[in-house]
Number of protein chains: 2
Amino acid sequence: MRVMGVDPGLTRCGVGIIDAAPGARPRLVAVGVVRTDPHEQHPQRLLAVEAGLTEWFDSYRPDVISIEAVFAQHNLPTVTGVGQAAGIAMLIGARSGCQVAMHTPSEVKAALTGSGRAGKEQVGAMVARVLGLAAPPTPADAADALALAITHLWRGGASNRYAAAVARGRS
Amino acid sequence: MRVMGVDPGLTRCGVGIIDAAPGARPRLVAVGVVRTDPHEQHPQRLLAVEAGLTEWFDSYRPDVISIEAVFAQHNLPTVTGVGQAAGIAMLIGARSGCQVAMHTPSEVKAALTGSGRAGKEQVGAMVARVLGLAAPPTPADAADALALAITHLWRGGASNRYAAAVARGRS
């Protein structure tokens, strides 16, 4: 299974692709960031996010997109841009009939470190350890995207096993 | 000039198209609502908003899209969906090189009624009066979309005249 993690953002959108086979350590396929120019108009920046994420999606053809669930709390204009970038990632997945999953920041922290309140450094360190990397990927958005992909692998896998068990119980 | 007003929303997205010629009353071209099924998954609903708004855009080929500027304040999941629907309207405009403008709810109220705190009924009544309609269009999202189009005509027109005067002054 190939998972594309997306840490949504208008200025920097982290993207991380991992491959996973049963019983094997997840493997890093590619990681990077889609950037847009803060001097551009907002609609043009959304267009650039769409173009960038579409290029990643088309290049790596993931089975699942795992996106950070966005909540508005403070810094409202930023949250709007982040939510819109997340919406664009959802659109790209839905267009291709790809599975789209959302995970909250605390789900990601808990899945990677065992604590929903872990810091960025701890999450980055665990991403490096899980994927067998010498150091956490930078910038933080790239590491977060991989953390979202790993979270889906672990949590999504569990839900899938549960769903499969329910289906077996019904038949 | 043809203006497409969009009152963004995930469940109901109001759309209103008006035509305007200098010195003439703005004319209603079409008004309606793009709806999505609340039982569908979020990514599929965003896809339905995109398909619906694209159909309106392609059918009426506006010169400008005027979209309500969304601010997160309360009811967070709704605001996320509203912001994403607004982002999709921006994307559709940007893809076609169409002018995209944002107007806040209080700008719309002030433009239509003279007061930034006017109620929905007052705005709807003014939309009907400006366009020479027997009654405000329903649902409210449809009337709001027309109000956004009218606001852009009046406010955008003023800015354009200003920009033209500045350009003349320079040359």
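Residues numbered from 1 in each chain as written. Chains lettered and ligands numbered in written order. Predicted model: local features only at pLDDT ≥ 70, side-chain atom pairs only at ≥ 80, totals over all residues. Heavy atoms only, no water.

In the nomenclature of an unreviewed UniProt entry, chain A corresponds to Crossover junction endodeoxyribonuclease RuvC from the organism Propionibacterium cyclohexanicum. As recorded by UniProt, the Catalytic activity (unreviewed entry) comment attached to chain A reads in full: "Endonucleolytic cleavage at a junction such as a reciprocal single-stranded crossover between two homologous DNA duplexes (Holliday junction)." Annotation of chain A in UniProt includes, under Subcellular location (unreviewed entry), the sentence "Cytoplasm". (UniProt positions renumbered as here; feature names shortened; annotations may be inferred.)

A. Just the relation of the copies chain B and chain A, in detail. With an RMSD of 0.0 Å, chain B superimposes on chain A once it is rotated by 180° and translated 0.0 Å along the axis. Between the two chains, the operation in question is that of a two-fold axis. If distances are taken from each C-alpha of chain B to the rotation axis, the shortest is found for Gln84 of chain B, at 2.4 Å. Of the interface residues in chain B, 100% have counterparts in chain A that sit at the interface too, so the contact is made through matching surfaces. (Least-squares fit on C-alpha atoms with pLDDT ≥ 70 in both. Contact = heavy atoms within 4.5 Å.)

B. How the structure looks around the interface of chain B and chain A. Chain B puts 20 residues into the contact, and the matching count from chain A is 20 residues. Both faces combined, the contact of chain B with chain A buries some 1,700 Å², and carbon together with sulfur accounts for 72% of it. Counting across the chain B and chain A interface gives two salt bridges. The salt bridge involving Arg95 of chain A is made with Glu50 of chain B; its shortest N-O contact spans 2.6 Å. (Buried area = accessible area lost by both parts, 1.4 Å probe. Salt bridge = Lys/Arg side-chain N within 4 Å of Asp/Glu carboxyl O.)

C. Quick peek at the sheet that holds strand E1 (residues 2-7) of chain B. Residue and element names in this part refer to chain B. Pairing in this open sheet of five strands is mixed, and the strands run E3-E2-E1-E4-E5 from one edge to the other. Pairing within the sheet leaves two strands with one partner each, and these edge strands are strand E3 (27-35) and strand E5 (99-103). Pairs of neighbouring strands in the sheet enclose a mean axial angle of 20°, with direction left out of account. Bridge count for strand E4 (residues 64-68) against E5 is five bridges, and the pairing is parallel. (Pairing = 2+ DSSP bridges. Helix = DSSP H or I, 4+ residues; strand = E, 2+ residues; numbered from the N terminus. Axes fitted to C-alpha atoms, helices over the stretch in contact; angles between N-to-C directions.)

D. Layout of the packing of helix H3 (residues 105-113) of chain B against helix H4 (residues 120-131) of chain B. All names here are of chain B. Relative orientation of the contacting elements H3 and H4 amounts to 50°, with a least axis distance of 9 Å. In this view, H3 runs oblique relative to H4, as classed from their interaxial angle. In the packing of H3 onto H4, the handedness of the crossing is left-handed. Where H3 approaches H4, its residues Lys109, Leu112 and Thr113 are matched on the opposing element by Gln122, Val123, Met126 and Val127. Looking at side-chain class alone, the contact of H3 with H4 contains four nonpolar, two polar and one charged residues. (Parallel < 35°, antiparallel > 145°, perpendicular 65-115°, else oblique. Left-handed = near helix turned anticlockwise from the far one by under 90°. Nonpolar A, V, L, I, M, F, W, Y, C, P; charged D, E, K, R; others polar.)

E. Inspection of the confidence of the model for chain A at higher detail. Across chain A, the average pLDDT comes to 88, with 86% of residues at or above 70. In this model residues 160-164 of chain A is a low-confidence stretch, pLDDT under 50, and it forms zero contacts with partners more than four residues away in sequence or in other chains. (pLDDT = per-residue confidence, 0-100.)

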